[in-house]
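Working through the structure, step by step
Take a look at the letters that make up each chain.
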Amino acid sequence: MSSKIDLDNLTYLKGVQSYREFVEKEFLNILESVSGKKAIIIDPDLVGALSLILEIPVLKEHNVDKLIPLSSEPFKTQIKKLVFLVRPQMSSMKKVADQIIQHEQNQTKKDSVEQNFYVFFVPRVTIICKKILEQLGVSGSVIYGEFHLDLIPFDEDVYSLANEKAFRDYVLGDISSLYYVSRALVNIQSFIGIIPEIYYMGKHSKILSEMLLRMRQESDLDDSLTPQVKYLLIVDRENDLLTPMVTQLNYEGMIDELYGISHTLAELDPNVLGKEGKIEKEKMVLNSNDLLFSELRDLNMALVAPFLVKKARSVSSQYDTRKQARNIGDLKNFIKKLPNIQREHASLGTHISLTMDIGAKTTGNSDFLERLDYELNLLVESQQCDDYIEDCIAQQKDLISVLRILCLQSMVIGGFKNKKFDFFRNEIIQTYGYRHVFTLDSLEKLGMLKKSEGRSKRGFAQIRKSMDLIDENYENTKHFSSVHSGYAPQIIKLAQILFNPKQGYNVFQDLVHNFYTEDVGRQKQKISIQAKEEMKEITEKPVCMVFFVGGVTFAEISAIRILNQMEQTDVHFVIGTTHITNGNKIIESTFEKVEDNILKKKKDEFLRNKKIKLREKQQEQLQKQLLKKEKQEKGKKKN
Amino acid sequence: MENPSVHWNQFDRYYYQKRLVFHMGWNEIDLDHYLIESAPFGGLIALLRDDQKIINIKNIKTNKNCIFIYTCSGKLISELDYGHKQRVKAFGWTLDEKLIIVYDDCEIVVFDIFGEKIKTKCITSRDSTVHLVYKAKVWNNGVVILTKKNRLFIVENLSQPRFEEYSVPENLGIVSDLEILQPKFSLTGHTEVFVSNLAKNLFIIDNDQTLEIEFQEMITHLKVSPTGRLLAYYTETGNLHVISTDFRSHFLEFQMNSKIKPKQIAWCSSDTVLLNFEKKNTLLMVAPSQSFLKYEYDEPLYLMTEEDGIRIFTNSCCEFLSKVPEVVVNIFGIGSTSFSSLLYDASQSYEKESSKGDEVIRSKMDQLPKAITDCITASSWVFRRDLQKKLLNAAAIGKSYLDNFVHDIFADMCKDLRVLNEVRGWEIGMPLTYRQFEKIGIDLLIERLINRKHHYVALKICEYLRIRKDRVLVRWACQKVKSENETDEQILKSIISKLGKEENVSFASIASVAYSESKNDLAIKLLDYEKSASEQVPLLINMKNPGLALVKAIECANPDLIYLVLLYLLNNEDINENSLFQILSNKDMAINLLIKYCKYKKKDLLYKLYFQLKRDPKVVGLLKITESLSDKINLEMKLKIRNESLIAFGVSKNNFLKKITEDNIKLVKLQQDYQQRLELVFIGLSINQTTAKLLELDLEKEAKKMKKTFKIPNDRYWWIKLRALAKRHRWKKLYTWAKNEKSPIGYDPFVEICIKNRVGNEALNYIPLVKDPYNQVKFYLRLNKFEQAANIAIKEKNQNLLQHVKSLAPKNLNIPSHI
C-alpha cells in the first residue's frame, strides 16, 4: 500500500531531485548575496513552503538572525539588513511599505543603525507590485530580487504552487495566475524534460495548455532531455466542485477536515497526540518520510483502527524477538533493529492517539453521523434533505458546513425550484447576515448553488450512471471510491478512463463533452528525435502528471494513489496543483472580505475587558486564599 | 632564416624580447603634445591634446575639442567630440572599449568610440555644491576623484548608480600623486586609495579607515603592479622603491641619484619596473635584483602595461616588451638540449626529406607528449606566422608517433591562432597575446570587434568557432537601420534576408533603434518578427501605441505586461476616459485586471468601468453594497448608497437582491432606532442576531415586531428565543413559555440546551414532553436518571431497552430486569 516504495525507482524522480536541489541552492545564494547578519520578514503564506525546501537551522548557518512574519505592526531591531520575502500580492505590498517606511523614519533619529532593505518576490517580481510600492512612498533605496520557487515538492508525488488565493482569483474572474502556473510548468520541464502529450478539460485548462505551448516557443527549453513525464492531464476544479463538498473519509483527508493541513503540517492540540501537560499546539509533519503514515494516509477511516491494531501487534512481536534471542548474535541483531522499532513505536503511538480523537469527533458524534448519512443518501440516491438543511440554519450551525451540504444538494439535483431557492437564500441572509449576498452571488456564478432549469441531461444522476461512480462494495475490493466511502471522485474516474486501454481518449472526450465542458482536447509538444529514441528505452510505466487548476483535495490525491495500485491503467500518476483545497476552503473563498472593523474592535474590546475581569477575579481568589492561610496559621498558633 | 633568439636580451636571469608590432599609420602625430590613455589587452589608444604644452600651430588638427582615437597600428577610428563646456580632467577605458571621461566639475561621461554618450553621471553631495576635480583616475569600470577641497569620491562600478565618499584626513594638504588598488586586489573588498602629499606622507584610505605613513622624502609617483601585489614609488631625490601593497615587505630600493623626474612609471610583468625618462631619451628597466637595462630612444614614449608585458608607443611604431617564457627558451635557446628543441629540429629535417629526425624522435618516446605540448604552447607565444606554422608542424609530426594524444589542444590552438592572427593584422590592429586572449575571452573580443563596426569579421569568427552569432547580427542590423541612403523597405528586406531564419534574434532591440531614429513604420514592422511579447510591449508603449501594446500583452496573457500597459494608460494625461474605454472594450482579461487594481487603488473608476464595459447593472449594485459595508462612511451615506443599489437591482430585474436589500434597509433603520433608545450596538448584526438580542433584553414585543416585519418562520423564531433565554439563564421564563405555547420544533432542543447549560433539573421538566420514547430514555440516561429511564422502557414494553438501561445503571439501584 505504501506509495513510497513504488516511486523509488522512477526515472522522473531524478529530474525532480535536481529541481529540488536547484531551488534550495537558489535560496542559499540569495542569503549569501546579502552579506552579514540579517532578518527575514516573510509572508506567512511562505513559511510552510520554505520549510519544505530547507531545514530551518540552515538559516542560522547563513547569518539569519530572525524570521519575522510580515505584518504592518512595527518592530524594532538592530539588525542592519532586512530581507523581505513576499508573494507579489497587492495586499502584501502595503505591509512591506509600512515596514520600510517605519524603519526609515527610525533611521533619522539618533543612535539608530542605518538599515538596508531587500525585497525578494516569490516566485517573480511584478510591475504592478513595484509600482504600488513606489506609490506608497518606498524610495529607490530598496534592492529588488526574485526567488523562483514556484512548484513546491510537497511529497514525492505531489507538487503544489501553494497559491492559496488561486481559486478566489478565478471566482473574481482574474485568471492572471494561470500565467504563473504556465511559467512554473515550463520551468519544471527544464528538469524533467519536455512533456510530449498534453490533455486538457475545462476552460482554464484550455487557456493554460495554449499558454504552455506558446511559452515554450519563447523560452529556449532544451528538447534533448529524455522526457521523464510522458503525459500532462490538465483539469479544472470548476468542472467538479461537487466532490470537494463531500466529506473526505480517508485518513489524511479526515485530518484535513478536522484539524486542517497546511504545507504538510497539521497543528494539533497536544492532548490529541496523547501528550499531556503541554499547552502549545504541536506541529505534526505529515509526509511519506513517516512510513507508517504513508501506509495509513489513503485508507478509509473505517480501516485505520484495525490496521493500527495489526501494526501494534507486529511491533510488540518485534520487541518479543529479544526474549527469543539465543545468543549474542541474535541480541546484536535485535539491537541493530531497535532504533527502527522504536521510531515505529513512537509513530504508532501518535497515530493511535490521533485516530482515537478522530473517532470521538466522528463515529462518536451523532451530528457527524447524521450529516454523513444525508450526504451518502444524496450521492447514492439523490435523496433530498431540505428539512435537515433548514434545521441546521435554524440552529445557526456553522455557515460553511451549511453551505457545503446546500451546494452539494443543489449540484446533485441540478438546482432548487424557484421558491425553495429564494427561501434558502433568504434564510441564510437573515441568519448569517446581509454581507452574504456576495457569498450567494459567487456560489451562483460558480454553478454550485442554482435554480433548476427543468430536467437536464447533463445532471449528476446521468454522470453517476454513465461513469459508474458508486461502488457499494468498496470495502472488500481495493477501489479508490473508498476515499468517500463508495463515491468515486469524478476527475479521478475520468483520468482512469483516459488511460484505460479499453476506453481511452475517445471515450474520455465524449464523456467530458457530454457532461462537463466543450473545452476538451489534446496537444503534442515536439521533442527531439534523440529524446524520442531514449524515451522508447524506458521500460517502466510512463508517468502522467494530473494538474489541478484551482486545487485538489487530499481525498482525490489518495484516490490517485490507490488508482496507481489498481491494474487497469497504463500509466503511473503524479499530482500537480495550484494548491491543496477542501470543501471548507472553497466555500470560504466565496466570502467577500468586508472591512468591518467596528464589530471587530468591539469584539476585541470585549475580550480585553473579559481578560481584565478574569485577572481581577484570579487575584481576588488569590488574596482570599492568602487570607485563609493566614487565618489558618493564626488558628494553629492559637492552638 | 634567423633564429628568434637573436632579438632576445638577457636580463636578470631571464630573456626579454622587444618586438616591433606595428609601424604607426598616423602622420605627424607627436606624442609629446598629447595626454594618452590606452585600453588594456591591445586596445585602442586615445589622444587628448595637452593644453599645457606649446604646439606649433601647423601641427594642430582641425577640431580643438576632440579626443583622437586610434588603433594600436595608428589607424584613426574617430575624432570624439567631448563638448566644449568643461575641461577634461582624466579619461580612461573600460574593458569593452568605452571611453570614460571625467570633467573638471565632477561629471563623468561614458562614450562609445564614435562619440555617442552612453551614460552620464555627476557627483554632487547632498547640499548640491559643485565640486571641482583636482586629480582623478579611471580604471576598468571605476573612477576615483579627488576634489580641490580634498574630498574623495569613488565610483566602483559605473553601471551601478552608487558612489561612495571616503573620509579624508585633515592633514592631507597638497597631493603629489594618487593611485588606487582595485577592489578585487584589496583585502577588504573595497577600493583602496593611495595618496602621497608634499608633506612627505603617504595615506592609505579605504571606506572606513585611513593609514598614515611618514617618509623621509616626498613621493612623486605611485604605481601598483598589474597583479595588485606590489607598489612602486618614486621619490623627489630619484629613488625607486618597490614594496608590497600590504606594506609588510620591502623588495627594492634603487637609487638614480638624479633629480630628473620620469615622465611615466610602468610595470612590465609583475616584477620589473620601467621608468620613462623622456628628457634623457632613455627607457630604464629595473629588476628586483637591482640590475637594470637601458633602451635608447630618440622619440617621445608612451608606456601601456599589460598583464604579460608592456606596450611601448612612439611616434613611429608600437612595440611589445615581454619576458620570453621558458618553453620558448627551451626550443629556440642557443645550445638548448631539451627534447622539444630536438623535436623542432627533427621536424625541420623532415622538411628536407631527411630520415635523421625519425631516429631522434624514436630515441625518447617517453618525453614526446610533453615536447608536443611545449611546441603547441610556444606557438601561442610567437607572433610570426612562419614560426607558428613551424612549431605546430613539429607538434603535428610528433603527434603522428602517438596513438592516444588528445587532439583537441592542437586543434583548438590552430583555431585560436587563426583568430588572433586576424585581429593582429594592421587593419584591426589589436596586438593580443594568447595569454591576454585567454584572459578577456572570445565574448569580449567579439564585443570589441562589433564596437569597432567590424561586423563581418566578428560574424566570420563566430561561424568559425561555432558560437552564437545573434548578437553580431542584431548589432549589425541596428547599424543598418540607421542607414540613410536606403528606404525603409530596402532596410527591412536586407535585415530579414540575413536574420529572418536565425534563432534567438532580438528584433525588439533593432526596432527600438529604428524608433529612436524616428522610423516608426519600420519599427512596427520589425516588431512583428519579435517572438517574445515581453520585448514587444514596452517598446510599443514607448512608441505611444498602447492599443497595439495591449493586444500583444493579452496575446501572451502575461498579467505583468498587461498591467504595464494599463498603468501607462491610467497615468498618461493625453488619454482621457473615453479613449481608455475604447482601448479596453472587448478585452476582458485586461478589464478584470484593471478592476482588481481599481478595487485597491482607484475606486472612483470602478463604477465607470462596470457601466461602460461590463454593462451589468447587477454587478454595479453589488459593488455599491460593498462600498456601503465599509466602515469608513457614516450610516446616512450607507443607506443612501444602498438605496442607489436598489435601482440597479430593479433594472437588472433581480427581485431577490432587491427584496433582500429592502429588508436590510428596513433592518438598519430599526437597528438605528434601537441603538439610540437602548444605547447598545445593533448595527452590523443579522436579523437573527438582532431578534436574539432583543429577546435577551426581554423586549418580547420588539422581537415579535421583527418576526412580523421580516417574516421569520415560526420554527426559526422558536430556536432564536430558546437560545436567547438559555443564554440569559431565564429558565423559569422558558418553562412558562413552553407550557403556554406548543413548540413547533419539539422539546428535544429544550432538553439539549438545558443539559448543555448544566441545569439538569430544568431538563427534567421537558423530557416528558419529548415525543420519541427512545430519545426520552436517552436523555434520562444522560442525566443518570436510571429509574425514570427504566419506567419509560417498561411503559413502551421494550425488553431490550430495559436491558440496556439496567446494564448502565449502578448495581445498588433496583431496576427490574423484566417488564
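Residues numbered from 1 in each chain as written. Chains lettered and ligands numbered in written order. Predicted model: local features only at pLDDT ≥ 70, side-chain atom pairs only at ≥ 80, totals over all residues. Heavy atoms only, no water.

An unreviewed UniProt entry annotates chain B as Vacuolar protein sorting vps16 originating from Anaeramoeba flamelloides. Quoted verbatim from the Sequence similarities (unreviewed entry) heading of the UniProt record, the comment on chain B is "Belongs to the VPS16 family." (UniProt positions renumbered as here; feature names shortened; annotations may be inferred.)

As annotated in an unreviewed UniProt entry, chain A carries the name Vacuolar protein sorting-associated protein 33a and is attributed to Anaeramoeba flamelloides. The Sequence similarities (unreviewed entry) comment attached to chain A in UniProt states, word for word, "Belongs to the STXBP/unc-18/SEC1 family."

**What about the sheet that holds strand E12 (residues 282-285) of chain A?**
Residue and element names in this part refer to chain A. Ordered by their spatial adjacency, three strands build an open sheet running E10-E11-E12, and the pairing between neighbours is antiparallel. Of all strands in the sheet, those bounded by a partner on one side alone are strand E10 (261-262) and E12. The pairing of E10 with strand E11 (residues 265-268) spans two bridges and is classified as antiparallel. Note that in E11 the partner of Ser262 across the bridge is Leu265. (Pairing = 2+ DSSP bridges. Helix = DSSP H or I, 4+ residues; strand = E, 2+ residues; numbered from the N terminus.)

**Section: a nonpolar patch on the surface**
Residue and element names in this part refer to chain B. A cluster of nonpolar side chains, Tyr134, Ile174 and Leu198, forms an exposed patch at the surface whose accessible area comes to about 280 Å². When you line up the elements, Leu198 lands in the loop between strand E16 (192-197) and strand E17 (201-205). On the basis of relative accessible area, Leu198 is assigned to the partly exposed category, the value being 44%. (Patch = residues over 30% accessible without salt bridge, like charges linked within 9 Å, V, L, I, M, F, W, Y side chains within 5 Å. Areas by Shrake-Rupley, 256 points an atom, 1.4 Å probe, with all protein chains shown as cover. Salt bridge = Lys/Arg side-chain N within 4 Å of Asp/Glu carboxyl O. Buried < 20%, exposed > 50% of the residue type's maximum accessible area, 1.4 Å probe, protein only.)

**Overview of the packing of helix H26 (residues 748-756) of chain B against helix H28 (residues 773-782) of chain B**
Residue and element names in this part refer to chain B. Here H26 crosses H28 at 10 degrees, and the two axes come no closer than 11 Å. Considering their axes alone, H26 and H28 lie roughly parallel with respect to each other. Contacts from Asp748, Val751, Glu752 and Ile755 of H26 reach H28 at Asn775, Phe779 and Arg782. A per-class count over the contact of H26 with H28 returns three nonpolar, one polar and three charged. (Axes fitted to C-alpha atoms, helices over the stretch in contact; angles between N-to-C directions. Parallel < 35°, antiparallel > 145°, perpendicular 65-115°, else oblique. Contact = heavy atoms within 4.5 Å. Nonpolar A, V, L, I, M, F, W, Y, C, P; charged D, E, K, R; others polar.)

**Examining the interface of chain B and chain A**
Each partner contributes to the interface: chain B provides 53 residues, whereas chain A provides 52 residues. Each partner contributes to the roughly 4600 Å² buried at the junction of chain B and chain A, and carbon and sulfur atoms together form 57% of this total. When the buried surface of chain B facing chain A is broken down by residue, Tyr600, Phe656 and Arg716 of chain B rank first, second and third, together holding 14% of it. The interface formed by chain B and chain A contains four salt bridges. As a salt-bridge pair, Asp169 of chain A and Lys596 of chain B come within 3.9 Å of each other at their nearest N and O atoms. Across the chain B-chain A interface, the total number found is 18 residue pairs in polar contact (both at pLDDT 80 or more). When residues of the side of chain B that touches chain A are traced back to their parent elements, those giving at least two are helix H15 (559-571), helix H17 (588-601), helix H19 (617-629), helix H21 (655-678), helix H22 (687-696) and helix H24 (714-727) of chain B. Considering each element in turn, the side of chain B that touches chain A owes the most residues, eight residues, to H17 of chain B. Its residues placed into classes, the side of chain B that touches chain A shows 23 nonpolar, 13 polar and 17 charged. (Buried area = accessible area lost by both parts, 1.4 Å probe. Polar contact = N/O pair within 3.5 Å; in protein donor to acceptor, adjacent residues only side chain to side chain.)

**Some thoughts on the sheet that holds E17 of chain B**
Residues and elements named next belong to chain B. Read from one edge to the other, the open sheet built from four strands follows the order E15-E16-E17-E18, with strand pairing classed as antiparallel. Of all the strands in the sheet, the pair left with one neighbour each is strand E15 (175-181) and strand E18 (210-214). The mean inter-strand angle of the sheet, taken between neighbouring strand axes irrespective of direction, is 15 degrees. Pairing of E17 with E18 involves five bridges; the strand directions are antiparallel. Bridged to Ile205 within E18 is Thr210.

**Some points on the environment of Asp588 of chain B**
Residues and elements named next belong to chain B. Structurally, Asp588 is set in helix H17. On the basis of relative accessibility, which here comes to 48%, the residue Asp588 falls in the partly exposed class. As for Asp588 and Leu613, which are separated by 25 residues in sequence, their C-alpha atoms are 8.8 Å apart.

**Re the packing of helix H2 (residues 339-351) of chain B against helix H5 (residues 385-399) of chain B**
Residues and elements named next belong to chain B. Where H2 meets H5, the axes come as close as 9 Å, and the angle between the chain directions of the two elements is 95 degrees. Here H2 lies roughly perpendicular to H5, going by the angle between them. Between H2 and H5, the contacting residues are Leu343, Tyr344, Ser347, Gln348, Tyr350 and Glu351 on the first element and Leu387, Lys390, Leu391, Asn393, Ala394, Ile397 and Gly398 on the second. For the contact of H2 with H5, the per-class residue count stands at seven nonpolar, four polar and two charged.

**A word on helix H13 (residues 328-361) of chain A**
Residue and element names in this part refer to chain A. Compared with the 50 Å implied by 1.5 Å per residue over 34 residues, the 48 Å span of H13 between its first and last C-alpha is a close match. Most pronounced at Leu338, the bend in H13 amounts to some 45 degrees, and the proline Pro339 follows within four residues. Within H13 the residues assigned to the buried category are Phe334, Leu338, Ile341, Ser347, Leu348, His351, Ser353, Leu354, Thr355, Asp357, Ile358 and Gly359. Packing partners of the buried residues in H13 comprise helix H10 (251-258), E11, E12, helix H11 (291-296) and helix H12 (301-324). (Expected span 1.5 Å × (residues − 1). Bend = angle between axes of the 7 residues up to and from the residue.)

**Details of the packing of aromatic side chains**
With the rule as written, the count across this model stands at 37 aromatic pairs over all chains. Residues Tyr505 of chain A and Phe508 of chain A carry aromatic rings whose centres are separated by 6.2 Å and whose planes lie at 35 degrees to one another, so their mutual orientation is tilted. Of the two residues, Tyr505 of chain A and Phe508 of chain A both sit in helix H21 (residues 504-515), three residues apart, roughly one turn of that helix. The two residues Tyr505 of chain A and Phe508 of chain A agree in class, both being buried. The structure contains a cluster of three or more aromatic residues connected by ring pairs, namely Tyr199, Tyr231, Phe499, Tyr505, Phe508 and Phe573 of chain A. Over the ring of Phe277 of chain B we find Lys280 of chain B, and its NZ or CZ is 5.2 Å from the ring centre. For Lys453 of chain B, the ring lying beneath its charged end belongs to Phe114 of chain B, and the centroid distance is 4.2 Å. (Phe/Tyr/Trp six-rings, centres within 6.5 Å; stacked < 30°, edge-to-face > 60°. Lys NZ or Arg CZ within 6 Å of the ring centre and 35° of its normal.)

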